[in-house]
Each structure stands twice: as structure tokens, then as C-alpha cells.
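# Summary of the model geometry
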Amino acid sequence: MKKEHIEKHPIDLSTEVVATYPNGGKVVVYNAIDRTTEDFHRIMICSMFFAQQGKLVVMPPKLDVPYKNPAYNKIFCTLRGTPYYGKCPDMLVDGQGYEHEGYITENPKHAIKNMLKHGLIQSDKIIIDKTELTENYIKSRIKGKILEGKKVTEVWIREGESLRMVYKNTNDQPK
């Protein structure tokens, strides 16, 4: 009996360019993504922000069992050799993973704790939704994560339609 090869975890790998800018910036979205969610809308805002700066932003789909999914290597090949290989960040900005984290809670301190914790699992470059906490408090929580041994390269705050960088690790930058 002949064994047929059946591809496990098939996924639509087609994409759509949803925005282009004169400086070369572009937002590319995989068609496998559910575009009706609020999360998609927030990630799109972040993607447009980076694309307006001339970056190539790809919004990849979430993949179940990434290591066993042949689509993973094709979509996330730029993460190979990083601690985030096997993860599915929300955006690839010029090939680097960025994770967006929102929150639903009445306790902003709890929100910051969870956004940093969950975001840093996916990437060392994260975007968090604005809370009512001060920037100094947020920076102290970032410093706490670094003291715990977590790698934090960039943290951005999304407020409405714009992003603002609140932390950038300059120690790892080439001289």
C-alpha cells in the first residue's frame, strides 16, 4: 500500500500588501489572519507606524505547533538562531519580531506586569497599550524584568493611533 504524504497543518500562505509609502515602507498581511478582531486592529496600527518610517512590516498568522508546521520556517526564518525561534510574534519589522500586548483589567499595575511578562515570551521588542501609570513606573517595571535576567531591547507604548518609545537598550548596539 502506497503511503501518501499529507501535509500537516496546512495554512494559506498568500499575502496582501495593505499599505505602501513613498519611503519604501510597506505592510504585508497574511490572508490566514482573522481581520475582524480588535487585536488585529491594534496590531495594524503598530504596523502602519513602522511602515511609515520606511520599514517592511509583515503581519504573520499564529501557527499551532510551530516546529511541526512547514509554514513556520518559511514565515519566521529570520528568527532562526534567536531565543524566539518557535514563537509567533505579532509583527516582523524588517525581519525582527515585535509583540503587541493589550490588557483588560481595572488594575493598571497588574496590566503592566502581565503585558511585560507575556510580551517578553514572544520577543525582546514589545509594544504595550497605554495605561494610567507614569512612564517612570513603567521604566521601573522594565528595569525589574532586566534584573530578573530577561532580555529587553525595545518597549513602545501604543496610545490611540501612535506609538512612543519608552525604552531602548543601547548596550547591545554595535559601536
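Residues numbered from 1 in each chain as written. Predicted model: local features only at pLDDT ≥ 70, side-chain atom pairs only at ≥ 80, totals over all residues. Heavy atoms only, no water.

Attention now goes to the pattern of salt bridges. Per the counting criterion, the structure on display carries twelve salt bridges. Between D39 and R42 there is a salt bridge, and its shortest N-O distance comes to 3.7 Å. Here R42 and D39 lie together in helix α1 (residues 38-52), a separation of three residues that amounts to about one turn. R158 is paired through a salt bridge with D129; the nearest N and O atoms lie 2.9 Å apart. On the criterion of sequence distance, the pair formed by R158 in strand β7 (residues 154-159) and D129 in strand β6 (residues 125-129) is long-range, its members being 29 residues apart. Taking relative accessible area as the criterion, R158 reaches 12% and is therefore assigned buried. Given a relative accessible area of 8%, D129 falls into the buried group. What you see here is one network of salt bridges that share partners, running through D39, R42, D129 and R158. (Salt bridge = Lys/Arg side-chain N within 4 Å of Asp/Glu carboxyl O. Helix = DSSP H or I, 4+ residues; strand = E, 2+ residues; numbered from the N terminus. Buried < 20%, exposed > 50% of the residue type's maximum accessible area, 1.4 Å probe, protein only.)

Further remarks concern the side chain of K125. By the secondary structure assignment, K125 is in strand β6. For K125, a relative accessible area of 10% corresponds to the buried category.

Along the sequence, K125 and G97 sit 28 residues apart, while their C-alpha atoms lie 7.0 Å from each other. What K125 contacts, discounting residues up to four positions off in sequence, is Q96, G97, Y98, E99, T153 and E154. At a separation of 3.2 Å, a polar atom in the side chain of K125 contacts the side chain of D124. (Contact = heavy atoms within 4.5 Å. Polar contact = N/O pair within 3.5 Å; in protein donor to acceptor, adjacent residues only side chain to side chain.)

How two aromatic rings sit relative to each other is given by the distance of their centres and the angle of their planes. Evaluated as defined, the whole model comprises six aromatic pairs. Ring geometry for F49 against F50: centres 5.3 Å apart, planes inclined by 80°, an arrangement best described as edge-to-face. Cluster of aromatic residues (ring-pair linked, three or more members): F49, F50, Y98 and W156. The side chain of R141 reaches across the aromatic face of Y137, ending 5.3 Å from its centre. (Phe/Tyr/Trp six-rings, centres within 6.5 Å; stacked < 30°, edge-to-face > 60°. Lys NZ or Arg CZ within 6 Å of the ring centre and 35° of its normal.)

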